[in-house]
Amino acid sequence: MPREQLKTLEEFSLADLEAVRLTLRGDSVVDWHRLNFKDDSEIRDLILAHEFHPDEPTDRSRMDAIKFEAVNYLRRHFEYPIPKPVEQASIEELFWLAGQHGHRQTCACTILKCMHIIHHLDGRELLFMMPMSDQEIFHLVEEKVYRVIGSMLAEGFPITEFIGGRKNKDSLYTKLLSKRAAVSTQIYDKLRFRIVTREKSDIFPILQYLQKKLFPFNYVIPGQSINSIFHFKHYCQENLHLAQFLPEMQAGADEDTTPSDNVFSADNYRVIHFVVDMPVRLPRHLLERAPPDAWAIGPVVFVVCEFQVIDRATETANEQGQASHAKYKDRQKKAVIRRLQLGMREMKVKGTPKRERADTMPPPSGRRVGKRGPNSVRG
């Protein structure tokens, strides 16, 4: 087998750059109007990232079933005109058509967007049907993440540190008490993973590789991304290869950054943070526990987890002064005790705090992988 390698920025395709941008901005793929794959390998990588094995007949049948459900939905509710060649196209052919022009291209994009939703709903339904604990599900996610990150470290990718872990109960209590509108289903970082890259310039290639091997870009949860490191447009303009793609980018103008609106984060805190509903393929021995009707919706479930990607210099700067984790936790704890003791009395004086996004993830306790090897643990 050839060794895995990171793409350099000069090897990025338009599809690569758009996927990274979506992750940084927290956009929705449903708002896109086309796909821009340049070769079959990019399409195959995306299918594999969805945990489908296109060479296996059962997986091929499952993908076709999702496609036909999407076609039938469009006809049932919108009387949507779909040409026969589009309806009969394979999944790979749909992806190619979605990058062309004309009515068939629009149809292919529309079908793929519906498939994105249908697959996600079915995966969520399967998760609810399975007699499995959170601990079992989390273990499957951790196995997948550690396998991919472990291989990246083994290949010498520019990662100086990797930390994975589960949020402990006390941290969950504090987080819920610190947010007026939060309920437990809105806690996105029960599972969280943090990657520290060697240089800032390594972040885009690392993100591209993660989207190829770990999670498909279309299941980054919209509205939950923080990017306070890159001004995307300016960064791309500094690279002649990336700059050529800017006129073709879709889904709106670039903002300076996508800052955190977490009231406890310091203004000078810098991070790339995003939340993924990660597809996880259930092994056969677990599927055998499922009720009979579960087999019709495939072997893939979705599990929410949080990622941070940051470069070493930015991480060092974050641990200085008000941006440090200790200062962050101190501000959060003071707000919780004020709320518990005073409640709405304080709100009348100070006003309602600004809307809060998913909490900025502190370096979690749990499994930590760096230069010392995959079994080192941070307490």
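Just so it is clear, the model here is predicted, and its values are computed rather than measured. (Residues numbered from 1 in each chain as written. Predicted model: local features only at pLDDT ≥ 70, side-chain atom pairs only at ≥ 80, totals over all residues. Heavy atoms only, no water.)

Peer 1: Mind showing me how you'd approach unusual backbone geometry here?
Peer 2: The phi torsion of most residues other than glycine is negative, and most of the peptide bonds are trans. A positive phi angle is found at E51, which is not glycine, with a value near 70°. In this fold, E51 is placed in the loop between α2 (40-49) and α3 (57-78). The exposure class assigned to E51 is buried, which follows from its relative accessible area of 13%. The residue E79 is not glycine, and still its phi comes out positive at about 50°. Along the chain, E79 turns up in the loop between α3 and α4 (84-87). (Helix = DSSP H or I, 4+ residues; strand = E, 2+ residues; numbered from the N terminus. Buried < 20%, exposed > 50% of the residue type's maximum accessible area, 1.4 Å probe, protein only.)

Peer 1: Please clarify how empty space enclosed by the protein should be interpreted in this entry.
Peer 2: Any empty space left between the atoms is revealed when a probe the size of a water molecule rolls over them. Using the criterion set out here, one finds 4 cavities of 30 Å³ or more in the structure. Volume-wise, the largest cavity comes out at about 350 Å³. Around the largest cavity, the lining comprises 22 residues; the ones closest to its centre are H50, F95, L112, H116 and N218. Those elements that provide at least two residues to the lining of the largest cavity are α2, α3, α5 (91-97) and α6 (103-129). Element by element, the count of residues in the lining of the largest cavity is highest for α6, at 6 residues. In terms of residue class, the lining of the largest cavity is made up of 16 nonpolar, 4 polar and 2 charged. (1 Å grid on protein atoms, 1.4 Å probe; cavity = no way out; pocket = protein on both sides within 12 Å on 5 of 7 lines; lining within 4 Å. Points joined across faces, edges and corners; volume = space filled by probe spheres on them. Nonpolar A, V, L, I, M, F, W, Y, C, P; charged D, E, K, R; others polar.)

Peer 1: Where do I start with the nonpolar core in this structure?
Peer 2: Soluble globular proteins: nonpolar side chains tend toward being buried together. By size, the foremost hydrophobic cluster in this structure holds 95 residues, and its most contacted members are F204, M278 and F307. Sorting elements by how many residues they give to this core places α6 first, with 10 residues. Setting aside its immediate chain neighbours within four residues, M278 contacts V141, K144, V145, L214, F215, V301, F302, V303, C305 and F307. (Core = buried A, V, L, I, M, F, W, Y, C linked by side-chain atoms within 4.5 Å. Contact = heavy atoms within 4.5 Å.)

Peer 1: What am I meant to see in the packing of helix α7 (residues 134-154) against helix α9 (residues 203-213) here?
Peer 2: Relative to each other, α7 and α9 sit at 135°, their axes nearing to 11 Å. By the angle class used here, α7 and α9 are oblique. Between α7 and α9 the crossing geometry is right-handed. Contact residues: α7 offers V148, I149, S151 and M152, while α9 offers I206, Y209, L210 and K213. For the contact of α7 with α9, the residue count by class is 6 nonpolar, 1 polar and 1 charged. (Axes fitted to C-alpha atoms, helices over the stretch in contact; angles between N-to-C directions. Parallel < 35°, antiparallel > 145°, perpendicular 65-115°, else oblique. Left-handed = near helix turned anticlockwise from the far one by under 90°.)

Peer 1: I tried to follow the environment of H53 on my own but got confused; where do I start?
Peer 2: You can see H53 is positioned in the loop between α2 and α3. For H53, a relative accessible area of 29% gives the class partly exposed. When the C-alpha positions of H53 and M63 are compared, they lie 9.8 Å apart, and in sequence the two are 10 residues distant. Other than its neighbours up to four places away in sequence, H53 contacts L48, D59 and R281.

Peer 1: Could you clarify how one ought to interpret the packing of aromatic side chains in this entry?
Peer 2: Aromatic rings in a pair are described by how distant their centres are and how their planes are angled relative to each other. Taken as a whole, this structure holds 16 aromatic pairs when the rule is applied. A centroid spacing of 5.6 Å and a plane angle of 80° characterise the contact between Y73 and F78, whose relative ring orientation is edge-to-face. Using a relative accessible area of 31% as the deciding quantity, one classes Y73 as partly exposed. Over the face of the ring belonging to F68 we find K67, whose NZ or CZ atom lies 4.6 Å from the ring centre. (Phe/Tyr/Trp six-rings, centres within 6.5 Å; stacked < 30°, edge-to-face > 60°. Lys NZ or Arg CZ within 6 Å of the ring centre and 35° of its normal.)

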